[in-house]
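So the chains spell out like this:
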Amino acid sequence: MNQDLQKERAAASFNPELLTHVLDGSPENTRRRREIENMILSDPDLQHEDLNFLSRSQRYEVAVKKSATTVKKIREFGLADPDEILWFKKLHLVNFVEPVGLNYSMFIPTLLSQGTTAQREKWLPPSKRLEIIGTYAQTELGHGTHLRGLETTATYDPATEEFILNSPTVTSIKWWPGGLGKTSNHAIVLAQLITQGKCYGLHAFIVPIREQGTHKPLPGITVGDIGPKFGYDEMDNGYLKMDNYRIPRENMLMKYAQVKPDGTYVKPLSNKLTYGTMVFIRSFLVGEAARCLSKACTIAIRYSAVRHQSELRPDEPEPQILDYQTQQYKLFPFLATAYAFQFVGAYIKETYHRINENIRQGDLSGLPELRALTAGLKAFTSWTANAAIEACRMACGGHGYSHCSGLPNIYVNFTPTCTFEGENTVMMLQTARFLMKSYNQVHSGKLVCGMVSYLNDLPSQRIQPQQVAAWPTVADINSPDSLIEAYRLRASSLVEIAAKNLQTEMSHRKSKEAAWNLTSIDLVRASEAHCHYVVVKLFAEKLHQIQERSIHAVLRNLCLLYALYGISQNSGDFLQGSIMTESQVTHVNERVKELLMAIRPEAVALVDAFDFQDVTLGSVLGRYDGNVYENMFEWAKKSPLNKTEVHESYHKHLKSLQSKL
């Protein structure tokens, strides 16, 4: 064990094990997760090879093999609980994506949420056995987040009781679905439903795309891989073109909307129910942002404790770079953010399941806020985590650039979340629509509930332009509850500014759509402020559930750092809204520095509490034992370029050049 890490762990004021229990939800959850991890680590069939030295085709093949092994082992170990299966996959797959992943994350959840009882009975058993390997084909070459613009058509033919699927243009070719290129044999395709000469908008259809047994594309189907990407080397993101391709009427998912045998359309209770899978994935991605950022912080903070560089004082040994205030300022706010997102991820997961259960019982009242909250938090957490992971990489200096650090893989595999399941700016504008609707409800005398209930405190008569100056200033920057209030006032202020600017643009006789576009910067800022408020609120409220004093103390410091760092980065909003005075903002900046010092002795223990196995981190720099340099050297020796002392290119190209000198 590296002596620096030993010293760091001994200096912590709390037991990381107790904090791990908080993150896992209970000591029993921690025990069970580790039990599953140990099953993997002790199984010779589940050992890892370093994918960094493989070609893309080799990486894909290894990933398919891992996927198949995972399914076999899950059956063998008798795992059925979704959380336990997720723990299993995350450890076995490490930072790499599985080509069959969308079968479980989107194909099966869509069947569950939108299929009739008969459809679930028909399609779920073979998809769980991987006889059917499904994907989710929504995005097209010319359209992504703007779903109404999708061009793929499904035209009903009552004579044969079939839907005819077509990709009528180049831009209508399905593009990007994971696992579509080479792995999947079925897809849930979102297409414009046309029956009895009328278009009824997007609906979901189960579409066989490859022949069982041979895996060859079926007649009328053109399918393949879209090529190398920024990351995701193991994933065969694909394209799908359909030419007069027929599927039975029963292949339309009909839990809500239906097409009768004669072509009569029966509309659903709510059009929004079609997008349930996206809501599920967005809620999942909030937790994924927490997980990936937690891994990046673990690597960067452990390495910063091991790495010694430069001089703090002349003629003294080189200090740990974690002792530099600038390094702490780079990393500790993101460590606090990782904890905040862990708690937000748990909240949004619980909320999704609760509201989904209500929907199953016919209560759709919670759906609008769930859609708005998952869209906004997906954007807010993925934008933040994406930038933070890269900041962690750069905080590791030159070694962070090497794949051995694990950080490039975390970054390139996380960064697509900023665009998939909804491009983030569009997601923020979706949240803004809900905020504007809620604001208008309050001004018409109705109360709103949920996370937007703070808008009820807006005095609806107060329309004069100077109103924002009347906010009271926040007194106590050391009180989490007081900081919730500050973020609440900021959100109220920015929502009100956006609403008034929208009204002003509309009063200039502009169309609603034009006014929306001309106010969109303000609307995105309002959504960001709303999401920031939600995160601070959830983090601060989590503190009330922590009984153990040492854990409460360290989490309170992290909560304060998260909230105060956010104020320092957005001080203009708090000053403009008269939420804080200039003097208070100065105190905020000073308090942030004090919190960096308070967290410094706890930092390594705080990342230990995330409880990542070395194999899960996939990082030489972030090893639990801290033995970085010797292992970097061993890792480098494994490079394929080192298989021979002299590379063949020398004899082919350089030797002849040198002989002429």
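Residues numbered from 1 in each chain as written. Predicted model: local features only at pLDDT ≥ 70, side-chain atom pairs only at ≥ 80, totals over all residues. Heavy atoms only, no water.

Going by the annotation in an unreviewed UniProt entry, the name recorded for the chain is Acyl-coenzyme A oxidase, with Sus scrofa given as the source organism.

## Looking at the pairing of strand β8 (residues 238–242)
Threshold: For every residue, the accessible area obtained with a 1.4 Å probe (protein chains only) is divided by the maximum for its type, and the residue is called buried under 20%, exposed over 50%, and partly exposed between those limits. Only DSSP runs of H or I with at least four residues qualify as helices, and only runs of E with at least two residues qualify as strands; both kinds are numbered from the N terminus onward. DSSP bridges decide pairing: two strands pair if at least two such bridges lie between them.
Burial along β8 is one-sided: the residues Gly238, Leu240 and Met242 are buried and none of Tyr239 and Lys241 is. Taken together, the two bridges between strand β4 (residues 174–175) and β8 define a ladder with antiparallel strand orientation. Residue Trp175 lies in a different strand from β8, and its bridge partner there is Tyr239. Both strand β7 (residues 221–225) and β8 contribute to a ladder of five bridges, which runs antiparallel. Within β8, the residue paired with Val223 across the bridge is Leu240.

## Considerations on the side chain of Asp573
Which entries qualify depends on this criterion: The contact definition used throughout considers only heavy atoms, calling two residues in contact when any of these lie within 4.5 Å.
Inspection of the secondary structure puts Asp573 in helix α17 (residues 571–576). Note on Asp573: relative accessible area 11%, which makes it buried. With sequence-adjacent residues up to four places away left out, Asp573 is seen in contact with Arg490, Leu494, Arg525 and Ile579.

## As for the UniProt feature "active site" (unreviewed entry) in the chain
Selection criterion: UniProt positions are given in the numbering used here, feature names are shortened, and annotations may be inferred rather than shown by experiment.
The residues that UniProt annotates with the feature "active site" (unreviewed entry) are Glu421. Looking at the secondary structure, you find Glu421 in the loop between α11 (407–414) and α12 (424–443).

## A look at the pairing of strand β3 (residues 162–166)
A large share of β3 lies buried, amounting to four of its five residues. Pairing geometry for strand β2 (residues 153–157) and β3, over five bridges, is antiparallel. Counterpart to Tyr156 in the pairing with β3 is Phe163. As consecutive antiparallel partners, β2 and β3 are separated by four residues, and within that stretch Glu161 has a phi angle of approximately 55°, a positive value. Sheet analysis places β3 next to strand β9 (residues 245–248), joined by four bridges and oriented antiparallel. Bridge pairing in β9 links Glu162 to Pro248.

## Notes on the domain arrangement of the chain
Going by this rule: The split into domains, and so the bounds of each, comes from an automatic or database assignment of domains. Two parts placed together each lose some accessible area; with a 1.4 Å probe, that loss summed over both constitutes the buried area. Here, a salt bridge means any side-chain nitrogen of Lys or Arg that lies within 4 Å of a carboxyl oxygen of Asp or Glu.
The domain architecture assigned to the chain consists of domain 1 (132–267) and domain 2 (274–447 + 479–641). Of the roughly 1000 Å² buried between domain 1 and domain 2 on both sides combined, carbon and sulfur atoms contribute 66%. Ranking the residues of domain 1 by area buried against domain 2 places Thr145, Phe230 and Tyr232 at the top, with a combined share of 48%. For the interface between domain 1 and domain 2, the tally reads zero salt bridges.

## As for the pattern of salt bridges
Applying the stated rule across the entire model yields 41 salt bridges. Its salt-bridge partner being Arg249, residue Glu250 comes within 3.9 Å of it at the nearest N-O pair. We classify Arg249 as buried; its relative accessible area is 14%. Each of Glu17, Asp24, Arg33, Arg34, Glu37 and Asp611 takes part in salt bridges that share partners, so that together they form one network.

## Section: helix α4 (residues 56–77)
Residue pairs three or four apart in sequence face the same way in an α-helix, which turns once every 3.6 residues. Test applied: Here, expected helix span is obtained from the residue count minus one, scaled by 1.5 Å.
Its 22 residues place the ends of α4 31 Å apart at the C-alpha level, agreeing with the 32 Å of an ideal helix rising 1.5 Å per residue. Among all positions in α4, only Arg59, Val62, Ala63, Lys66, Ser67, Thr69, Thr70, Val71, Lys73 and Ile74 are buried.

## Remarks on the environment of Leu543
Examined against the element boundaries, Leu543 turns out to sit in helix α15 (residues 520–543). Along the chain, Leu543 and Ser511 lie 32 residues apart, while their C-alpha atoms are 46 Å from each other. Contact partners of Leu543, with chain neighbours within four places excluded, come to Pro480, His552, Leu555, Arg556 and Cys559.

## Some points on the confidence of the model for the chain
Counted only if it meets this: Each residue carries a pLDDT score, the predictor's confidence in it, ranging from 0 to 100.
Overall, the prediction assigns the chain a mean pLDDT of 91, with 95% of residues at 70 or greater. Within the model, pLDDT remains below 50 along residues 460–471, and this stretch shows 22 contacts once partners closer than five positions in the same chain are excluded.

## Some words on the packing of aromatic side chains
What counts here: Stacked, tilted and edge-to-face are the three classes assigned to paired rings of Phe, Tyr and Trp, where Trp is represented by its six-membered ring and a pair needs centres within 6.5 Å; plane angles under 30 degrees give stacked, over 60 edge-to-face, the rest tilted. Should the NZ of a Lys or the CZ of an Arg lie within 6 Å of a ring centre and within 35 degrees of the ring normal, that charge is described as sitting over the ring.
Enumeration according to the criterion identifies 14 aromatic pairs in this entry. On the numbers, 5.0 Å between centres and 75° between planes, the contact of Tyr454 with Tyr533 is edge-to-face. Note that Tyr454 is positioned in the loop between α12 and α13 (480–507) and Tyr533 in helix α15, a separation of 79 residues in sequence. Side by side, Tyr454 and Tyr533 carry an identical accessibility label, which is buried. Among the aromatic residues, those joined into a ring-pair cluster are Tyr156, Phe163 and Phe205. Over the ring of Tyr624 we find Arg9; its NZ or CZ atom is 3.7 Å from the centre of that ring.

## As for the side chain of Lys229
The line we're drawing: All tallies of charge rest on Lys and Arg as positive and Asp and Glu as negative; His and the ends of each chain are not included.
Within the fold, Lys229 resides in the loop between β7 and β8. This buried residue, Lys229, is left without a salt bridge; Asp225 holds the nearest opposite charge, at 5.0 Å. The contact partners of Lys229, leaving out residues within four places of it in the chain, are Arg56, Trp176, Met235 and Asn237.

## Notes on the packing of helix α6 (residues 101–114) against helix α7 (residues 117–128)
As a reminder, the rule being used: Structural elements are reduced to axes, namely lines fitted to C-alpha atoms, with helices fitted over the stretch in contact, and the angle between N-to-C directions of any two is expressed from 0 to 180 degrees. For classification purposes, angles smaller than 35 degrees are called roughly parallel, those larger than 145 roughly antiparallel, those between 65 and 115 roughly perpendicular, and all remaining angles oblique. Crossing handedness follows the turn of the near helix against the far one: under a right angle anticlockwise gives a left-handed crossing, and clockwise gives a right-handed one.
The N-to-C vectors of α6 and α7 enclose an angle of 165°; their axes lie 9 Å apart at closest approach. By the angle class used here, α6 and α7 are roughly antiparallel. Once α6 is placed against α7, the crossing between them reads as left-handed. Across the interface between the two elements, Asn103, Tyr104, Phe107, Ile108, Leu111, Leu112 and Gln114 from α6 touch Gln119, Arg120, Trp123, Leu124, Ser127 and Lys128 from α7.

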